[in-house]
Every structure is written in C-alpha cells, then in structure tokens.
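Notes for the structure review
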Amino acid sequence: MYTQAMSVGPQDEARRLQTAEEQARNAAFEQRIDDGDFIEAKDWMPDHYRKTLVRQISQHAHSEIVGMLPEGNWITRAPTLKRKAILLAKVQDEGGHGLYLYSAAETLGTSRDQMLDALHTGKAKYSSIFNYPTLTWADIGVIGWLVDGAAIMNQVPLCRCSYGPYARAMIRICREESFHQRQGYESLLTMMRDGTDAQKAMVQDAVNRWWWPSLMMFGPADKDSPNSEQSMRWGIKRLSNDELRQKFVDATVPQAEILGVTLPDPQLAWNAERDHYDFGPIDWSEFWRVVGGDGPCNRERLSARVKAWEDGAWVRDAALAHAQKRATQAAAA
Ligand code: BYC
C-alpha cells in the first residue's frame with residue numbers, strides 16, 4: 001500500500017507534464033503582458049484573468065444600462081427642446097455603451113443572458129453612484145460634470161487595458177463620455193451665469209449631494225481593494241483607485257471655481273508639498289451600504305431593470321422568430 005502511494009503511474013506523469021505545460025503557458029502569457037501586447041479573445045489566458053475581466057466588464061456594462069434610469073427620469077421634464085435632445089442622445093449613448101461592453105464580455109465565453117440574469121437576481125454589482133436619486137434638473141448637469149467626469153478619469157486608462165476587445169470598446173465610449181461631461185458642465189455654467197438665485201441654489205444643492213458619491217465611484221481605498229494588485233499586474237487596471245480619485249479631485253476643483261460653486265468638504269485644500277489637493281475622509285460605511293444593496297434607490301433601480309427585461313420579452317421573441325424564419329428561407333433557397 002505504501003509503495004503504491006509512492007508510485008508514479010502514467011496518470012501522475014500526465015498531471016506532472018500538464019503542470020509543466022501550464023507553467024510554460026502561464027509564463028508566456030505573463031511575458032506578453034510585460035511586453036504590453038494585447039490579449040485577444042482566442043488567445044490562451046489564465047482562468048483568473050478571464051474571470052476578472054468578465055466581472056469587471058459585466059459590472060461596467062450593468063452600470064451603463066442602470067445609469068440610464070436616473071437621467072431617463074428627466075427626459076420628459078427637460079426645460080428646453082435643446083436640453084431634451086441632448087439628454088435623449090446621452091441616455092441613448094449609455095445604452096450603446098452597455099451593448100459594446102456586453103459584447104466585449106461575451107468574447108470571454110459568458111452569455112449576455114447569464115450576465116443579465118446575475119444583474120436581475122441581485123448577484124452582480126453595478127456602480128454605487130446610480131443608487132442615488134435625481135431630485136432636480138440641476139442633478140442632470142451635475143451627473144454630466146461629476147459622474148461622467150469621474151467615469152472618464154477612470155475609463156481613459158482602460159483604453160490601454162491588456163484585453164483587446166475591452167480596450168477597443170473603451171476608445172469609443174470615452175469619446176462619447178467626453179461629450180457627456182461637457183454638456184453637463186455647460187448646462188451648469190448656463191444656470192450659474194444666467195440663472196435666478198433659486199437656480200443657482202439648486203445647482204449648489206445638487207453639487208453637495210453628488211460630490212461624495214462621485215468620489216466613491218473610484219472604489220475602495222487601495223489598501224482595502226482586494227482586486228487591484230492582480231488587476232494592475234495584468235494591465236487590466238493601469239492606475240489605482242486612489243490615484244484616479246486624486247486625479248479627479250485635482251482636475252475638478254478648478255472647474256468648481258470657474259462655475260462658482262463650493263465643494264462640500266471643509267478639508268479640501270491645495271497642498272504645495274504634494275502638488276495635489278488634500279481632501280477629507282470618505283464615508284466608507286455609506287459606500288459599502290450602497291454597494292450591499294441598501295442605498296436610497298437600489299430596489300427601485302433593480303425593479304425598473306427587471307420590468308424593462310420582462311416587458312421587452314416579446315421584442316426578443318419576435319426578433320428570434322424573424323431571424324429563424326430568414327435562416328430557414330435562406331437554407332431553402
Ligand atoms: N460601485 O477591489 P476593488 C458610468 C466593488 S459607468 C459598486 O477595488 P476593482 C456612467 C468591486 O466591484 C461607471 N461596486 O474592485 C454610466 C469589488 O467587488 P467584487 C462604471 C464597487 O474591480 C451611465 C469590490 O467593490 N465604471 O460612469 O479592482 C451614465 C472591491 O473593489 C465600486 C466602471 O465600471 C463602485 N463604485 O475596481 C453616466 C469602470 N467600486 O466584484 C456614467 C470599470 C468597487 O470583488 N471598472 N466596487 O465583488 C473599474 O474600473 C473597476 O471595476 C473599479 C473597481 C475601479 C470600479
């Protein structure tokens with residue numbers, strides 16, 4: 001019995017060889033990452049790399065389509081035809097971003113139905129920011145300025161992500177996000193320059209409510225971010241959560257000064273030694289509560305998504321039936 005346990009049979013030998021082969025594949029993969037190569041859908045990749053990408057890209061896709069909801073609320077109430085047309089285009093863009101991202105995630109072998117099922121059953125995450133309500137028209141401008149501004153800061157480095165299909169989707173998304181940020185800023189500038197006192201106060205109130213949640217978009221502090229180290233090692237993330245948050249604060253403070261709004265942080269101050277703005281502590285308990293499903297609008301957002309999915313079932317059925325009919329006709333011709 002003892003000798004049997006010690007013996008190296010053909011199966012053990014195969015396992016040992018497979019391990020050596022796997023090690024070589026892993027080393028070749030790591031080398032490609034170090035060389036800055038793009039990894040493509042058909043290339044070999046470690047399971048953990050694939051899972052990390054599916055997690056991040058699908059969460060990102062969910063954020064885009066859930067992100068349509070708070071803004072969609074205001075399409076019927078936009079103050080002018082011009083603002084309505086801009087908002088319609090923006091919300092439609094977010095839907096498009098979701099579709100590019102679901103397609104990019106599908107190249108990794110996960111179906112769209114699986115990803116959407118995870119969203120609808122509350123298993124998948126989406127950005128915490130979309131669990132806050134849009135109470136006034138100024139919120140729409142502030143979402144463009146701060147939320148899309150934070151999104152661009154986070155997403156421009158993703159254009160250099162090591163996974164080719166994600167990186168290419170991000171290039172187009174970032175171009176559109178840039179228009180989103182500018183339209184938001186311009187709408188706020190109009191209210192702050194030409195608006196009534198009540199409108200100016202409305203902008204300030206919206207800034208007060210969205211500032212901290214926007215800083216939370218970048219994710220937990222680096223020391224509490226379980227995925228960052230490996231994702232940065234693989235070139236999925238190029239800059240850390242804290243680095244991006246700092247870049248966002250540095251870029252946004254001067255914009256707030258031009259707008260004439262204050263940011264709701266008494267500790268916000270230029271630090272010449274660091275060459276950056278210092279800012280106050282983030283309420284991480286609020287962040288984790290919202291991520292955990294208990295934010296102001298989590299239930300409303302999820303039920304709106306589930307309803308849209310259920311109400312759209314007949315469209316999906318009709319499209320499938322039509323595609324099948326065409327395929328049958330083509331086969332018979
Ligand atoms: N909200 O280890 P960490 C948009 C989760 S769309 C919720 O740092 P990672 C827009 C994180 O998933 C904006 N959850 O994670 C759309 C992880 O949980 P799991 C969306 C968050 O992945 C429409 C755990 O916390 N942008 O802007 O290394 C209209 C630990 O975090 C959040 C993207 O998705 C959060 N804020 O880094 C307008 C960009 N933060 O999965 C605008 C792509 C963290 O381990 N994603 N978590 O259970 C990323 O860059 C990264 O995934 C993150 C997080 C920086 C967000």
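Relevant structure appears above.
Below you will find a few notes about this structure. Just so it is clear, the structure is predicted and the values come from calculations on it, not from any experiment.

Calculation criteria
- Residues numbered from 1 in each chain as written.
- Predicted model: local features only at pLDDT ≥ 70, side-chain atom pairs only at ≥ 80, totals over all residues.
- Heavy atoms only, no water.
- Helix = DSSP H or I, 4+ residues; strand = E, 2+ residues; numbered from the N terminus.
- Buried < 20%, exposed > 50% of the residue type's maximum accessible area, 1.4 Å probe, protein only.
- Contact = heavy atoms within 4.5 Å.
- Salt bridge = Lys/Arg side-chain N within 4 Å of Asp/Glu carboxyl O.
- Arc of directions from axis to C-beta.
- 1 Å grid on protein atoms, 1.4 Å probe; cavity = no way out; pocket = protein on both sides within 12 Å on 5 of 7 lines; lining within 4 Å.
- Points joined across faces, edges and corners; volume = space filled by probe spheres on them.
- Nonpolar A, V, L, I, M, F, W, Y, C, P; charged D, E, K, R; others polar.
- Core = buried A, V, L, I, M, F, W, Y, C linked by side-chain atoms within 4.5 Å.
- Near = heavy atom within 4 Å.
- Polar contact = N/O pair within 3.5 Å; in protein donor to acceptor, adjacent residues only side chain to side chain.
- Areas by Shrake-Rupley, 256 points an atom, 1.4 Å probe, with all protein chains shown as cover.

**Some details on the overall build of the protein**
Secondary structure assignment for the protein yields 14 helices and two strands. Dimensions of the protein, computed from C-alpha atoms along their principal axes, come out at roughly 85 × 70 × 35 Å. Taking all 333 residues of the protein together, the buried fraction comes to 45%. Residue pairs in contact within the protein that sit at least 24 positions apart in sequence constitute 76% of those at least 6 positions apart.

**Considerations on the pattern of salt bridges**
Under the criterion given, the structure shown has 19 salt bridges. With a shortest N-O distance of 3.2 Å, Arg299 and Asp294 are connected by a salt bridge. Judged by its relative accessible area of 56%, Arg299 falls in the exposed class.

**Observations regarding helix α12 (residues 284-294)**
Among all positions in α12, only Glu286, Phe287 and Val290 are buried. Here the buried residues of α12 occupy an arc of 105° about the axis, which is enough to place them on one side. Packing partners of the buried residues in α12 comprise α9 (197-216) and α13 (298-311).

**Overview of the layout of surface pockets**
Counted as a void, the largest pocket has a volume near 1,000 Å³. Residue lining of the largest pocket: 44 residues in total, with Gln59, Ser127, Met217, Phe218 and Gly219 positioned closest to the centre. Of all elements in the fold, only α3 (47-66), α5 (81-106), α7 (137-155), α8 (164-194), α11 (241-259) and α12 reach the threshold of two or more residues within the lining of the largest pocket. The dominant element in the lining of the largest pocket, judged by the number of residues it contributes, is α7, at seven residues. A class-by-class count of the residues in the lining of the largest pocket yields 20 nonpolar, 14 polar and 10 charged. Of the pockets and cavities examined, the second largest pocket occupies roughly 280 Å³.

**Quick notes on the side chain of Thr252**
When you line up the elements, Thr252 lands in helix α11. The residues contacting Thr252, other than those within four sequence positions of it, are Trp145, Leu146 and Trp211.

**As for the nonpolar core**
Where a protein is soluble and globular, its nonpolar side chains tend to be buried together. Core analysis: the biggest nonpolar cluster contains 75 residues, and Tyr49, Leu53, Ile57, Trp145, Tyr163, Tyr166 and Trp210 have the highest contact counts within it. Ignoring sequence-local partners within four residues, the contact set of Trp210 consists of Ile129, Tyr132, Pro133, Thr134, Asp139, Val142, Ile143, Leu146 and Val147.

**Side note on the site of the ligand**
Of all residues adjacent to the ligand, which total 34 residues, the nearest are Gln59, Lys125, Ser128, Ser225 and Lys237. A distance of 3.4 Å is found between a nitrogen atom of the ligand and a backbone nitrogen or oxygen belonging to Met216. With respect to the ligand, the side chain of Asn241 contributes an N or O atom lying 2.8 Å from an oxygen atom. Protein contact buries 91% of the 1,000 Å² of open area that the ligand shows by itself.

What is shown is where atoms sit, not what they do.
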